[in-house]
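What follows is the residue order along each chain.
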Amino acid sequence: MSLFLSRLLRLPLVKPASVRRSFSGSLLISNGFSTSLRQTPPCSVMGARPCGDDLGGLIVAYADTHAWTELNKMVRLELVCNSINHGKTLTIGASHGWVASLKEDGTLCLQDDLNPYASYTDPKRIPLPPLVTLPHCQTRIITNVSMSSSSPENDEDCVVAVKFLGPQLSFCKPAGKSRKPKWTSIKLENPCFYSSRVMFSKKHNMFRMPGYGGHLIGSWDPCNPSDDPKLQSVRFTNIPKLTNAEHNLMDSCGKSEHLVESRPTGETFLVKQYKQLAENDEGVAIMKTKFLMVYKLDDEGNAVQTRDMGDLVMFISMSEPFCVPSTSFPGMYTNNVYLYDYDENGYVDVAGTPFDMASAKGPLYSPYHIPPQDIGN
């Protein structure tokens, strides 16, 4: 607890004039996410200011102003710092503004506490049944969480997917027609997916994952997940010529792949992120992004390296990734990727050469980007 407090108190904080931000100047009528509902700007969860009784005032950073704001919304500190309750409840990912937490007994819960646009006084909690571990699998280390819609509390077709480190991938319908929700789990046969992150493609109406290296993409039907996924080979074209120093740097890095869908434009991107050990901070290894490559992926599996995403801004964090047009919320950095995880928080211009990322180092405790939220007319 003391480590969390000391780190948080060193962070810069911009306090608002009122406890709720006015969105009258930032609302969007149509940006590709919705054509009839106005939307809020994307933001990032930065933590919470401790206020006693294991509660804290939620701190967020709006992507269009880049200012930190402490809200008058009280959240449980364990949701923004897993070490506070000795790991009895862990946040394991987020999607559509819903954070997933996991208890010691394997019970998973969806909650909107960290969404600054959700109710301040009546947070929603959706408990899911205890996870069931398949033979020769594990369910304690989770890669990420994805959802097929933003309404798990009342959308009967909403499916939650949980990807575990290793071969298990599990699905659940929180509001399905059955009296009690249950998990449907499959065992992945191809080890290239063992460390992959799952995402939901609205364009294909499928859960999808890139294999290690990005040369293969697997797709699963949310209504009928199978051990035999639809597989697509990826062919990389327009690969940039790299210097020997760049090749050596990339060879020394750990690599991860992110599949990102831009709903406003209908495009799909494959992002390769290269991270290197930067330092050891109080026993915690801190990784830093040293290189980033963005590819446009077509329906035939052709991946073309690009330095131009148009006016899109891409958000990659421990939440499900998303894209937003910068023209929707003036102030965001066009053609940038906003990266946020436990190691670092920053942004990089896709067109920039040489690679240069402005970032703050971790460890960071609640690395979640919140996508634009519909708030009605």
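Residue positions within a chain follow its written sequence, with the count starting from 1. In view of the model being predicted, local features appear only for residues whose pLDDT reaches at least 70, and side-chain atom pairs are presented and counted only at 80 or more, with totals across whole chains, interfaces and linings using the full set of residues. Side-chain numbers come from the whole structure's heavy atoms, not from hydrogens or water.

You'll find the protein entered in an unreviewed UniProt entry as KIB1-4 beta-propeller domain-containing protein, with Brassica campestris given as the organism.

### Description of the confidence of the model for the protein
pLDDT measures the predictor's confidence residue by residue and takes values from 0 up to 100. Here the protein shows a mean pLDDT of 87. Residues at 70 or above account for 89%. Below pLDDT 50 for its whole length, residues 1-36 participates in 81 contacts with residues either more than four positions away or in separate chains. Contact definition: two residues touch when any of their heavy atoms are within 4.5 Å.

### Quick look at the pairing of strand β2 (residues 55-62)
In the case of a regular strand, side chains alternate between the two sheet surfaces. Among the eight residues that make up β2, seven are buried, leaving the element largely enclosed by the rest of the structure. Should DSSP find at least two bridges between two strands, the strands are regarded as paired. A run of H or I in DSSP counts as a helix once it spans at least four residues, and a run of E counts as a strand once it spans at least two, with each numbered from the N terminus. Bridge count for strand β1 (residues 43-52) against β2 is eight bridges, and the pairing is antiparallel. In the strand pairing of β2, Ala 48 is matched with Leu 58. With six bridges joining them, β2 and strand β3 (residues 68-76) adopt antiparallel strand pairing. Across the sheet, residue Ala 61 finds its bridge partner in β3, namely Trp 68. Hairpin geometry of β2 and β3 is characterised by an intervening segment of five residues between the two adjacent antiparallel strands and by a positive phi of about 60 degrees at His 66. When a residue's accessible area, from a 1.4 Å probe over protein chains only, is under 20% of the maximum for its type it is buried; when over 50% it is exposed; and in between it is partly exposed.

### A look at the sheet that holds strand β4 (residues 89-95)
With antiparallel pairing, the four strands of this open sheet are ordered in space as β4-β5-β6-β7. Of all the strands in the sheet, the pair left with one neighbour each is β4 and β7 (125-130). Between one strand axis and the next, the sheet turns through 25 degrees on average, direction left out of account. Relative to strand β5 (residues 98-103), β4 runs antiparallel, the two being bridged by six bridges. Its bridge partner being in β5, Ser 95 is matched across the sheet by Trp 98. Angles run from 0 to 180 degrees between N-to-C directions of axes, and those axes are lines fitted to C-alpha atoms, restricted for helices to the stretch in contact.

### As for the side chain of Asp 341
Note that Asp 341 resides in the loop between β23 (336-340) and β24 (344-349). When its relative accessible area of 14% is taken as the criterion, Asp 341 is described as buried. Separated by 2.6 Å, the side chains of Asp 341 and Lys 275 make a polar contact. Sequence-distant contacts of Asp 341, that is, excluding residues within four places in its chain, are made with Gln 273, Lys 275, Met 318, Leu 364 and Pro 367. Polar contact criterion, stated in full: a pair of N or O atoms within 3.5 Å, where within protein one must be able to donate a hydrogen and the other to accept it, and residues adjacent in sequence count only if both atoms are side-chain atoms.

### Observations regarding the packing of aromatic side chains
We call Phe, Tyr and Trp rings a pair once their centres come within 6.5 Å, taking the six-membered ring for Trp, and we label the pair stacked below 30 degrees between planes, edge-to-face above 60, and tilted otherwise. This model, assessed by the stated rule, comprises eleven aromatic pairs. Considering the side-chain rings of Phe 171 and Phe 207, the 5.6 Å spacing of their centres and the 55 degrees angle between planes classify their relative orientation as tilted. A residue pair is termed long-range when its members are at least 10 positions apart, and Phe 171 in strand β10 (residues 168-172) and Phe 207 in strand β13 (residues 206-210) qualify at 36 residues. Taking 6.2 Å as the distance between ring centres and 70 degrees as the angle between the ring planes, the aromatic pair formed by Tyr 274 and Phe 291 counts as edge-to-face. Taken together, the residues span a long stretch of sequence, with Tyr 274 in strand β18 (residues 267-281) and Phe 291 in strand β19 (residues 284-297) at a distance of 17 residues. Owing to a relative accessible area of 10%, Phe 291 belongs among the buried residues under this scheme. A cation over an aromatic ring shows up here: Lys 272 above the ring of Phe 236, its NZ or CZ 4.2 Å from the ring centre. Here, a charge over a ring is recorded when the distance from Lys NZ or Arg CZ to the ring centre is within 6 Å and its angle to the ring normal is within 35 degrees.

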